Amino acid sequence: MSMIKIEDLTFGYPASAENIFEDLNAVIDTDWKLALTGRNGRGKTTLLKLLSGEYEYKGKIKGGVRCDYFPYTVKEIDATVSEAVFGICPSAEEWEVAREFSCLGLDRSALYMPFGRLSDGEKTKVLLAAMFLNDGRFMLIDEPTNHLDAKARAQVAAYLNKKRGFVLVSHDRAFADACVDHVMALNRTGVEIRSGNLTAWLNDFEDRQNAEQKQNEKLQTEIKRLRQSAVRSAEWARRTEAEKTGCGPVDRGYIGHKAAKMMKHAKVIEDRQRRLIGEKESLFRDTEIADRLKMNALQYRSDVLADLSSVQIVYDGVAVNKPVSFTVTKGKRIALNGCNGCGKSSIVKALLGRKTEYTGRISVGSGLTISYVPQDASAFSGNIREKLKDDGVEESLFMATLFKMGVEENPLGKDIRELSDGQRKKVLLAESMCQRAHLYIWDEPLNYIDIYTRVQIERLIKEFCPTMVFIEHDSAFRDSVATEVIDM
């Protein structure tokens, strides 16, 4: 067991006006299975890369252990899996690789396949196995679940649970809970570290946030009172000055002296009130918040919005799923569940009226307004303001929603491709929340989304009860918001 000590760490990217970290201090036990969490843009990936030695920084990072960053990049495009694996862990034996593969549901024969022919999920498993075969390393694992379906997530979580010594960035609560024993949260004011899993930390966070919200309400009341008092003081001083200039010659000197004294006292009170207001307002900025989001769905004229009967998606003439039947009625939130490649996204595209080969019947109500969020924003380009205008979304409402989701920088003048993956997904989600639609179709909405925003979206759906069809591998989220789960 050894410790990694972070002392007065300061770092900012050259193109950024503000530092990501200012005098950050933390101690990490290399025996921990540590979940690293925080809002998108708080510096989780940056911290991992600082620990791995990729960036220069001010301050100190001390520790007697080498840190390896995942995902590892395999540079040899035509390499076999075996060449990729032994390029990462050259001292490993083949039987050791086979043992790790077995724990992850991979067959030993995969060693002889071209690495580039593996699915993204299989690549994730192969690279994790290879990297953990390097003894004495502290693993920095960044978002391993992005390409894993529910079954693969369970396999990888069980695998990590048997390991020791890693930092994991994952916002999937069920996945993280299954394999971590400590949580490190990057927030507005620094670092918070505690033992336990992600759900325990989140429950504690929500309790603290509720308490802070009550305190904030008291602060807002007091600020309002102070401002009203400041206005009254200024008005009193103005009237006193008017009385001074309007008095007679006998008492002008006395009243003038008294008025000046009273005005000075009023100025002292006003300055003190302004200082108190500033101090109390600053308390709001020091708190990591997860404000409640809002949406305003349209009501469809019929109870039935869409109906699917014995639908099978067909790829190259072959059906990839068992026949699926379900009816989308008002208020239903239907989750499509299944492994990668079983046709979930294709059913979504068929509902949207996009060209999709299938058998069975799909009926969608006439005049139905649908708001759609795709898996990622790779298909989008161009100015965000223009996209909002084309889609009929009000800018002020969009910006208020985006700000509540933790995006503090105004992105309206930017091309969506300039944003991070998490920010892009939040742009798509915020736009959908601002659209008035009968049916909301979201395809893996939580990819790249931080835990705070996941909680906000979960609350939103349960509070406003929109009619939805969605795909999501985060089982905690799916189980919380779905009224019906369709297994494919």
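Structure shown above.
Calculation rules
Residues numbered from 1 in each chain as written. Predicted model: local features only at pLDDT ≥ 70, side-chain atom pairs only at ≥ 80, totals over all residues. Heavy atoms only, no water. Helix = DSSP H or I, 4+ residues; strand = E, 2+ residues; numbered from the N terminus. Polar contact = N/O pair within 3.5 Å; in protein donor to acceptor, adjacent residues only side chain to side chain. Contact = heavy atoms within 4.5 Å. Core = buried A, V, L, I, M, F, W, Y, C linked by side-chain atoms within 4.5 Å. Buried < 20%, exposed > 50% of the residue type's maximum accessible area, 1.4 Å probe, protein only. Pairing = 2+ DSSP bridges. Axes fitted to C-alpha atoms, helices over the stretch in contact; angles between N-to-C directions. Left-handed = near helix turned anticlockwise from the far one by under 90°. Nonpolar A, V, L, I, M, F, W, Y, C, P; charged D, E, K, R; others polar. Parallel < 35°, antiparallel > 145°, perpendicular 65-115°, else oblique. Salt bridge = Lys/Arg side-chain N within 4 Å of Asp/Glu carboxyl O.

(A) Looking closely at the side chain of Glu-100. Relative to the elements of secondary structure, Glu-100 occurs in helix H3 (residues 94-103). One polar contact links Glu-100 to Arg-99, side chain to side chain, over a distance of 3.0 Å. Leaving out residues up to four positions away in the same chain, Glu-100 has contacts with Ala-129, Leu-133, Tyr-159 and Lys-163.

(B) Fine view of the nonpolar core. In this structure, Val-85, Phe-101, Ile-141, Leu-160, Leu-168 and Trp-201 are the most contacted members of the largest nonpolar core, which totals 49 residues. At seven residues, helix H4 (residues 120-132) tops the list of elements feeding residues into this core. Apart from residues no more than four positions distant in its own chain, Phe-101 is found in contact with Val-81, Val-85, Leu-106, Asp-107, Ala-110, Leu-111, Val-126 and Ala-129. The next biggest cluster of nonpolar side chains, apart from the first, holds 35 residues, and it includes Val-373, Tyr-440, Ile-449 and Ala-482.

(C) Quick peek at the pairing of strand S1 (residues 3-11). Where S1 meets strand S2 (residues 21-29), six bridges bridge the pair, whose relative direction is antiparallel. Bridged to Ile-6 within S2 is Ala-26. Looking at chain direction, S1 and strand S4 (residues 58-62) are connected through four bridges and run antiparallel. Residue Ile-6 lies in a different strand from S4, and its bridge partner there is Ile-61.

(D) Structural context of the packing of helix H2 (residues 81-88) against H4. Here H2 crosses H4 at 35 degrees, and the two axes come no closer than 8 Å. In terms of crossing hand, the pair formed by H2 and H4 is right-handed. Facing Val-81, Val-85 and Ile-88 of H2, the residues of H4 in contact are Val-126, Leu-127, Ala-130 and Met-131. The residue inventory of the contact of H2 with H4, partitioned by class, reads seven nonpolar, no polar and no charged.

(E) Here's a closer look at the packing of H4 against helix H5 (residues 150-161). Look at H4 against H5: their axes get within 12 Å of each other, and the N-to-C directions meet at 5 degrees. Classified by the angle their axes make, H4 and H5 are roughly parallel. From H4, Lys-125, Leu-128, Ala-129 and Phe-132 reach across to H5, where they touch Ala-152, Gln-155, Val-156, Tyr-159 and Leu-160. For the contact of H4 with H5, a count of residues per class yields seven nonpolar, one polar and one charged.

(F) Just the pattern of salt bridges, in detail. Evaluated as defined, the whole model comprises 23 salt bridges. The partner of Glu-395 in a salt bridge is Arg-385, and the shortest N-O contact between them spans 2.9 Å. Of this pair, Glu-395 sits in helix H11 (residues 395-404) while Arg-385 sits in helix H10 (residues 384-390), placing them 10 residues apart in sequence. Taking the relative accessible area as the measure of exposure, Glu-395 reaches 31% and is therefore partly exposed. Among the residues examined, Arg-385 registers a relative accessible area of 36% and is labelled partly exposed. Among the salt bridges present, the one from Asp-474 reaches Arg-454, with a minimum N-O distance of 2.6 Å.

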